[in-house]
Amino acid sequence: MPGRLDAPLKVTGRAKYGVDNNFPGMVYGYVVLSTIANGEIEAIDGAAAKSAAGVIGVYSPFDPLVLGKASTPLLGETWVPLQSKEVTYYGQPIGFVVAETFEQARDAASLVQVTYQQRPARTSLADGLAEAEDAPASRGEDPALSILAEDVESIEDAFAASPVVVDQTYTTATQNHTAMEPHSAVAVWESGVMTIYSGNQGAYFQAMELAGALGLEQDAVHAVNPFVGGAFGGKGRTSTPAFLAAAAARALGRPVKASLTREQVFTATAGRAATVQRIALGAHRDGRLVALRHDSWCSTDMARSFVEPTSHGTSREWYATENLAISQKMVPLNIPPTTFMRAPGEASGSFALESAMDELAVALDLDPIELRLRNNSIAPPGKDLQWSSKHLDECFRIGADRFGWANRAKHGHTDGDWLVGMGMATAMFPALRFPATVEVTLRADETAEVATAGADPGTGLLTVLSLVGAESLDIPGERITPKLGDSALPPGGMSGGSTATASAGTAIMIAAAKVIDDLLAAASAPGAPFEGEEPTYADGRVHGNRGTMTFGEVLRALGRESLAAKGSSAPGEELTKHSFSSFGAQFAEVRVHRLTREARVSRMLGVFDAGRIINDQAARSQIKGGMIWGVSAALHEGLEIEANGRLANGDLAGYLIPVNADIPDVEVHFVEYPDTLHNAVGARGLGEISTVGMAAAVANAIHNATGIRVRDIPITIESLLD
Amino acid sequence: MDIALEVNGRTEELSIDPGVTLLDALRERLDITGPKKGCDRGQCGACTVHVGGRPVLSCLTLAATVTKPVATIESLADGEELHPVQQAFVDQDALQCGFCTSGQIMSAVAAVEQDVEDVREFMSGNLCRCSAYPNIVAAVEQVRQANATV
């Protein structure tokens, strides 16, 4: 198994991320943010900034860089900066200063004077619950729905008939993706073409959004993102620096580099909503669910840009229950925009659902794994379409064995001053695909190119292109040149929704089959080496009655440099036949100090059923990272929003994410059942499922260790005091 | 002001504002872009370089104050021959997006050179949001074990 193909470039500092591109005559932009959360900008006095050393442009809603609408068919419209005087959150981009150097732009930005007509801000989710609005339809279903057994009138009746009921409310914190690369861009305007170097989850979509905003044809925008310094859902849309750098580069006729500062990333992008979730579980005494009710509320910005679908992402599908009722509401607030963040819906929803399942197991005096096995589903409740390939029971069995679950005591155990407990949780994430197009090119020099626009934000997609390309063309991986991260390449390949391997991989197989067909047709055409024959293809060679030739030899005999074919894939007929999901079992061992109440994760194991694994090493790495994200949600990260909308901890000193010393060894195991009902490659996604369930596993382990049930994450020392 | 920086064995003359950090001098004046700006506040470690053989945060260091030789990630490999720590990062898949990797490796080289007692603690100044932490520890241990058997 080859390593990550771009690793040598990344370990030597030669991998060029967006702002690593420097050009002669380049100038620097610095974004100015609002210091109120709700109101209208009355005036912006940029005189001092304009006369500061090196300044060549000061832009604001009063003197804007004109930007039009930006949208993509996949994700709809996105916000563009500086086109309105309305401020709806603290830290909203309201200005842009361009100067000869970074330091000059930064200094001048601090001279911009803004006066506001300020209005009271609504910033508290808890205070806004009473005025929550119904969320829009989620995943094709109504925001509120119920599925009742025959003869059951209401979900309330189902609970009344349940011998055992647990009913609790859980909360999760506002989060930020915190990719290590701040949102940033270098824009170059030359001969009517805008070239943008900016980390993004899909080059083609970024070019489309910028073309819309700049009023250009799509082919007049060239988005280049061969390396992306982390994304996690936070770079699915074109960023404020990219819009502003591009517009300024065109206005000024000079290359412009712009980056958000780390503090600005926390407000001038978008993050994960905070949630409040009430879950009620009604069960028979043997643990089988009679009723499951999951009511969710989440924060959102005033534009209502994204709803965190916690009920629809978990309870809607996870367990066999006789009766189900879910609802999703949203609370618009004067806070930064919300968007997708690693396992949107499932990550926060699973904390609530899997904590509640643990509470039910305690109430029933039943092993938590046994409880889940007794509610194993063969299809989502109320749906006829069975799971295409589900081996969750095997994940539990293997996980319990490897983790030593049998040694778990009902009330944990002690090790010196440490209270030690074990917890577990189910993980599920839907197996999806997005439309993708890949071009496969055979070359006369015996190499082949596999190309798609897309992006590899650390997921290993570049390596996957090579591996699936090599397999599809039946040649060694060293002869494949994968190409990615350039909008000039065939469209699609958005790295999001854990879809890229399944989407691009299927397209590669289709393109490869096509190019092989074309090769055989050309090889047997009149005047060609296999004229009149019906040659076959294997091992990178064309085989006929008169012998065999490599594809390069055939191309050279035909006087051709190359032969290319495109393949496209999109979700299709399979959706009418099965339900699709990845599955997993998460395990955590947590130690809580008897006196200081510090909680430390000491062991973690995740066992996953994610179809076929294409690159074992990269898959394990990604899974480990996602599991650590779950630990982070449980014990570390959460944004604190002050009453005036300012983030109290919007930097990397105050917004805690795990450091190396916080994390123990992490064990990952795959049960590999290729899911060819989902796609020809047999791979389902694994970027997001690894985060799902882990926060609950940690909280459940803490309960096992201490007897304290914490229903609000992140869990802090205060919540563990006796 | 005019300064001279010795970077990766070359002496570079620069005329800069006194407020220019070592990181911005490297990245924006000298086009040495291996060190990354993840926070510009000394909170993430992505900008780690060696000054006088010790790891420092180049975003918290004013270029004009630097008198000792500076070594960046670009100086580690010998042509196409990777430094053992770089090779270990490749072998152990100790990176995903790669944005923090330059800083991680400069800290890891110091961890190996100083033969630190607690690798996890020593490496905790370098954030990795992809969370490659277990693999980063494995990479440092790979080099330490190789050194121990020499």
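Residues numbered from 1 in each chain as written. Chains lettered and ligands numbered in written order. Predicted model: local features only at pLDDT ≥ 70, side-chain atom pairs only at ≥ 80, totals over all residues.

J.: In this structure, what is going on with helix H2 (residues 84-91) of chain B? I would like to understand it.
T.: An α-helix turns once per 3.6 residues; consequently, residues spaced three or four apart project the same way. Considered for burial, the residues of H2(B) that qualify are B:Val85, B:Gln86, B:Ala88 and B:Phe89. For H2(B), the angular spread of buried residues about the axis comes to 160 degrees, placing them on one side. Residues of H2(B) that are buried in the fold lie against helix H1 (7-11) of chain A together with helix H3 (101-113) and helix H5 (133-148) of chain B. Within two residues after H2(B), B:Asp93 carries a phi angle of roughly 50 degrees, on the positive side. (Buried ≥ 20, exposed ≤ 12 C-beta atoms within 10 Å, placed from the backbone. Helix = DSSP H or I, 4+ residues; strand = E, 2+ residues; numbered from the N terminus. Arc of directions from axis to C-beta. Contact = placed C-beta atoms within 7 Å.)

J.: Would you explain unusual backbone geometry in this entry?
T.: Peptide bonds are, in most cases, trans, and in most cases residues other than glycine have a negative phi. For the bond from A:Ile713 to A:Pro714, the omega torsion is 5 degrees, close enough to zero to count as cis. Considering the arrangement of structural elements, one finds A:Pro714 in the segment after helix H17 (694-706). In this structure, A:Ala343 takes a positive phi of about 60 degrees despite not being glycine. The residue A:Ala343 is located in the loop between strand S18 (321-333) and helix H10 (346-364) in this model. Here B:Asp40, not a glycine, exhibits a phi torsion of approximately 65 degrees, which is positive. Position of B:Asp40 among the secondary structure elements: in the loop between helix H1 (22-29) and strand S3 (48-51).

J.: Mind showing me how you'd approach the interface of chain A and chain B here?
T.: Many authors give the size of an interface as the accessible area that is lost as the parts come together. Taken together, the contact between chain A and chain B spans 46 residues of the former and 47 residues of the latter. The dominant element in the side of chain A that touches chain B, judged by the number of residues it contributes, is helix H16 (residues 616-635) of chain A, at 8 residues. Class assignment of the residues belonging to the side of chain A that touches chain B gives a composition of 22 nonpolar, 14 polar and 10 charged. (Nonpolar A, V, L, I, M, F, W, Y, C, P; charged D, E, K, R; others polar.)

J.: Before we go on, may I ask you to explain the packing of H2(B) against H3(B) in this structure?
T.: All names here are of chain B. Contact pair H2 / H3: the axes reach a minimum separation of 9 Å and the direction vectors enclose 120 degrees. When the interaxial angle is binned, H2 and H3 end up oblique. Crossing of H2 over H3 shows right-handed handedness. Here Val85, Gln86 and Phe89 of H2 come into contact with H3, specifically with Thr101, Ile105, Ala108, Val109 and Val112. Within the contact of H2 with H3, the residues separate by chemical class into 6 nonpolar, 2 polar and no charged. (Axes fitted to C-alpha atoms, helices over the stretch in contact; angles between N-to-C directions. Parallel < 35°, antiparallel > 145°, perpendicular 65-115°, else oblique. Left-handed = near helix turned anticlockwise from the far one by under 90°.)

J.: Explain the packing of helix H13 (residues 461-473) of chain A against helix H14 (residues 500-523) of chain A to me, please; I cannot follow it from the model alone.
T.: Two packed helices can be described by the angle between their axes and the distance between those axes. Residue and element names in this part refer to chain A. It is the contact of H13 with H14, at a shortest axis distance of 9 Å, that shows an interaxial angle of 30 degrees. The angle between H13 and H14 places the two elements in the roughly parallel class. Handedness of the crossing formed by H13 with H14: right-handed. For the pair H13 and H14, the contacting residues are Leu461, Val464, Leu465, Val468, Gly469, Ser472 and Leu473 in the first and Ala500, Thr501, Ala504, Gly505, Ile508, Met509 and Ala512 in the second. A per-class count over the contact of H13 with H14 returns 10 nonpolar, 4 polar and no charged.

J.: What exactly am I supposed to notice about the nonpolar core here?
T.: A general feature of soluble globular proteins is that nonpolar side chains tend to end up buried together. Residue and element names in this part refer to chain A. Counting 283 residues, the largest nonpolar core has Val97 and Val698 as its most contacted members. When residues of this core are assigned to their parent elements, the largest contribution, 14 residues, is made by H14. Filtering out sequence-adjacent residues up to four positions away, Val97 remains in contact with Gly29, Tyr30, Val32, Ala49, Val55, Val58, Ala105, Ala108, Ala109 and Val112. (Core = buried A, V, L, I, M, F, W, Y, C linked by C-beta atoms within 7 Å.)

J.: Is there a simple way to think about the sheet that holds strand S2 (residues 39-45) of chain A in this case?
T.: In sheet architecture, strand pairing relies on hydrogen bonds along the backbone and comes in two forms, parallel and antiparallel. Residue and element names in this part refer to chain A. The sheet built from 3 strands is open, its strands ordered S6-S2-S8 with antiparallel pairing. The two strands at the open ends of the sheet, each matched to only one other strand, are strand S6 (86-87) and strand S8 (113-118). Bridge analysis of S2 against S6 gives 2 bridges, and the strand direction is antiparallel. By the bridge assignment, Glu40 is partnered in S6 with Glu86. (Pairing = 2+ DSSP bridges.)

J.: Looking at this structure, how should I read H3(B)?
T.: Helix length check: H3(B), at 13 residues, gives a terminal C-alpha distance of 18 Å against a target of 18 Å (1.5 Å per residue), a fit within 8%. The buried fraction of H3(B) is high, at 11 of 13 residues. Considered for burial, the residues of H3(B) that qualify are B:Thr101, B:Ser102, B:Gly103, B:Gln104, B:Ile105, B:Met106, B:Ser107, B:Ala108, B:Val109, B:Ala111 and B:Val112. Packed against the buried residues of H3(B) are H1 of chain A together with S3, strand S4 (54-57), H2, helix H4 (119-122) and H5 of chain B. B:Asp115 sits one or two positions beyond H3(B) and adopts a positive phi of about 50 degrees. (Expected span 1.5 Å × (residues − 1).)

J.: What is the right way to read the environment of A:Ser524 from this model?
T.: All names here are of chain A. Residue placement: Ser524 occurs in the loop between H14 and strand S24 (536-538). On the basis of neighbour count, Ser524 is assigned to the partly exposed category, with 18 C-beta atoms found within 10 Å. In the structure, Ser524 is positioned 20 residues away from Gly544 in sequence and 9.2 Å away in space, judged by C-alpha atoms. Setting aside residues up to four positions removed in sequence, Ser524 forms contacts with Phe530, Glu531, Gly532, Glu533, Glu534 and Pro535.

J.: What am I meant to see in the pairing of strand S25 (residues 541-544) of chain A here?
T.: Along a regular strand, successive side chains alternate from one face of the sheet to the other. Residues and elements named next belong to chain A. Bridge count for S24 against S25 is 3 bridges, and the pairing is antiparallel. Note that in S25 the partner of Ala538 across the bridge is Arg541. As paired strands, S25 and strand S26 (residues 547-550) are joined by 4 bridges and run antiparallel to one another. Looking at S26, one finds that Arg541 is bridged to Thr550. Between S25 and the antiparallel strand that follows it, S26, lie 2 residues.

J.: Any chance you could explain the confidence of the model for chain B here in plain terms?
T.: Averaged over all residues, the pLDDT of chain B is 97; the fraction at 70 or higher stands at 100%. With a pTM of 0.97, the predicted complex shows an ipTM of 0.98. (pLDDT = per-residue confidence, 0-100.)

J.: Just to check I follow, could you spell out the sheet that holds strand S23 (residues 480-483) of chain A for this structure?
T.: Residues and elements named next belong to chain A. On the basis of which strands lie adjacent, the open sheet formed by 4 strands has the order S23-S22-S21-S27 and mixed pairing. The open sheet has two edge strands with one neighbour each: S23 and strand S27 (562-569). Within the sheet, the average angular offset between the axes of one strand and its neighbour, ignoring direction, is 15 degrees. As judged from the 8 bridges shared by strand S21 (residues 436-443) and S27, these two strands associate in the antiparallel manner. Residue Thr437 lies in a different strand from S27, and its bridge partner there is Ser568.

J.: Sorry if this is basic, but what is going on with the pairing of strand S16 (residues 275-283) of chain A here?
T.: Residues and elements named next belong to chain A. In terms of residue burial, S16 counts as a mostly covered element, since 8 of its 9 residues are buried. Sheet topology places strand S11 (residues 164-172) next to S16; 9 bridges connect them, and they run antiparallel. Following the sheet pairing, Thr171 is matched in S16 by Val276. Counted between consecutive antiparallel strands, the loop separating S16 from strand S17 (residues 289-301) contains 5 residues, among which Gly287 sits at a positive phi close to 100 degrees.

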